[in-house]
Structures are given as C-alpha cells and as structure tokens.
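Each chain, letter by letter, is given below.
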Amino acid sequence: MSKIILAAFLPGLLVVFFSRVTYNRYIGLALTVALIAASVSKGYTDSILLIVIDAASLTVGFWYSGRMRGKGQKSE
C-alpha cells in the first residue's frame, strides 16, 4: 500500500522540484523519468499498476510545473 501512495505523489513532486532547480521543466521531467527507469531496472517497481500510477503522477507534475512557470512569466 505504501508503494502505491508513494507512486501517486513522489514522481510529480520530483518533476516540480527538478523543474524549479534547473529552470527547465523538460529537464526536470527527464531527470525524474531517469530515476523511475533506474528503480524499475533495480526491481523496486514490480507491477504494471505502479508504473501506470508513476506515469500519471509524472503527467500531473509536468502540467503543474508548466502552470507554475506560466504564472511567474505573467507577473513580470
């Protein structure tokens, strides 16, 4: 159960974090996908359901990081 909860929130938060650190949401997405790919290759992600939840969380995090960037550019 804890893997499902972490898969629902952690990838999205990582995309937002890396996007804020690198100032580029595509690089943030690529770094997060690389981390998830490493966890899959090590065997920590053991079901298709977790991969689907990771992908959904990545999508939401990518959308939110773009939305945050849009708000910052409008205020300048």
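For the structure given in this document, a descriptive report is provided here. Residue positions are given per chain, counting from 1 as you read along its sequence in written order. The predicted origin of the model limits local features to residues at a pLDDT of at least 70 and limits the giving and counting of side-chain atom pairs to 80 or more, whereas totals for whole chains, interfaces and linings rest on all residues. To get the side-chain values, take all heavy atoms of the structure and skip hydrogens and water.

A few words now on the overall build of the chain. From N to C terminus, the chain includes three helices and zero strands. Under the scheme used here, helices are H or I runs from DSSP no shorter than 4 residues and strands are E runs no shorter than 2 residues, and both carry numbers assigned from the N terminus. N-terminal to C-terminal, the α/β element order of the chain is α-α-α. Expressed as lengths along the three principal axes of its C-alpha atoms, the size of the chain is roughly 45 × 20 × 15 Å. To sort residues, take the accessible area from a 1.4 Å probe on protein chains only and compare it with the maximum for the residue type: under 20% means buried, over 50% means exposed, and anything in between is partly exposed. When the 76 residues of the chain are sorted by exposure, 28% land in the buried category. Whether two residues are in contact is decided by their heavy atoms: any pair within 4.5 Å suffices. In the chain, the proportion of contacts linking residues at least 24 apart, taken out of those at least 6 apart, comes to 66%. Accessible area of the chain: about 5,500 Å², with a carbon and sulfur share of 70%. Areas reported as accessible are Shrake-Rupley estimates using a 1.4 Å probe. Residue values count occlusion only from the protein chains shown.

Note: most peptide bonds trans; most residues except glycine with negative phi. Look at tyrosine 23: it is not a glycine, yet its phi comes out positive at around 60°. Here tyrosine 23 lies in the loop between α1 (2–22) and α2 (25–42). We classify tyrosine 23 as exposed; its relative accessible area is 76%.

Attention now goes to the packing of α1 against α2. Axes here refer to lines fitted to C-alpha atoms; in helices the fit is confined to the stretch in contact. Angles between the N-to-C directions go from 0 to 180 degrees. The N-to-C vectors of α1 and α2 enclose an angle of 135°; their axes lie 7 Å apart at closest approach. Here α2 runs oblique to α1, going by the angle between their axes. Crossing of α1 against α2: the hand is right-handed. Packed against α1, whose contacting residues are Pro11, Leu14, Val15, Phe18, Ser19 and Thr22, the element α2 presents Arg25, Ile27, Gly28, Leu29, Leu31, Thr32, Leu35 and Ile36 at the interface. Of the residues assigned to the contact of α1 with α2, the class counts are nine nonpolar, four polar and one charged. The labels follow the angle: roughly parallel below 35 degrees, roughly antiparallel above 145, roughly perpendicular from 65 to 115, and oblique for the rest. By convention the crossing between two helices is left-handed if the near helix lies anticlockwise of the far one by an angle smaller than a right angle, and right-handed if it lies clockwise. Classes in brief: Ala, Val, Leu, Ile, Met, Phe, Trp, Tyr, Cys and Pro nonpolar; Asp, Glu, Lys and Arg charged; the others, Gly included, polar.

With that settled, consider α1. For the α-helix, the turn length of 3.6 residues means that residues three or four positions removed from each other point alike. Its 21 residues place the ends of α1 29 Å apart at the C-alpha level, agreeing with the 30 Å of an ideal helix rising 1.5 Å per residue. We define the bend at any residue as the angle between the axes fitted to the seven residues before and including it, ending there, and the seven starting there. Along α1, the sharpest kink reaches roughly 25°, centred on alanine 8 and followed within four residues by the proline proline 11. In the stretch just after α1, tyrosine 23 is the one whose phi turns positive, near 60°. The span you would expect from a helix comes to 1.5 Å times its residue count less one.

What follows is about the pattern of salt bridges. A side chain of one charge can pair with a side chain of the opposite charge when the charged atoms of the two come close. Any carboxyl oxygen of Asp or Glu within 4 Å of a side-chain nitrogen of Lys or Arg constitutes a salt bridge here. In the structure shown here, the tally under the stated rule is one salt bridge. Aspartate 46 is paired through a salt bridge with lysine 3; the nearest N and O atoms lie 3.8 Å apart. Here aspartate 46, found in the loop between α2 and α3 (48–75), pairs with lysine 3, found in helix α1; they are 43 residues apart in sequence, far enough to count as distant.

Between its first and last C-alpha, α2 extends 26 Å over 18 residues, near the 26 Å set by a 1.5 Å rise per residue. For α2, the set of buried residues is Arg25, Gly28, Thr32, Ile36 and Ser39. For α2, the buried positions fall inside an angular range of 65° around the axis, keeping them on one side. Residues Tyr26, Ser41 and Lys42 are exposed on α2 and point more than 90 degrees away from its buried face. Where α2 begins, one side-chain oxygen reaches toward the backbone nitrogen of tyrosine 26, 3.0 Å away; that side chain belongs to asparagine 24. At the exit of α2 stands glycine 43, carrying a positive phi of roughly 100°. Relevant arc is that of directions from the helix axis to the C-beta atoms, nothing else. Polar contacts here mean pairs of N or O atoms no more than 3.5 Å apart (in protein, one a potential hydrogen donor and the other a potential acceptor; neighbouring residues in sequence count only if both atoms are side-chain atoms).

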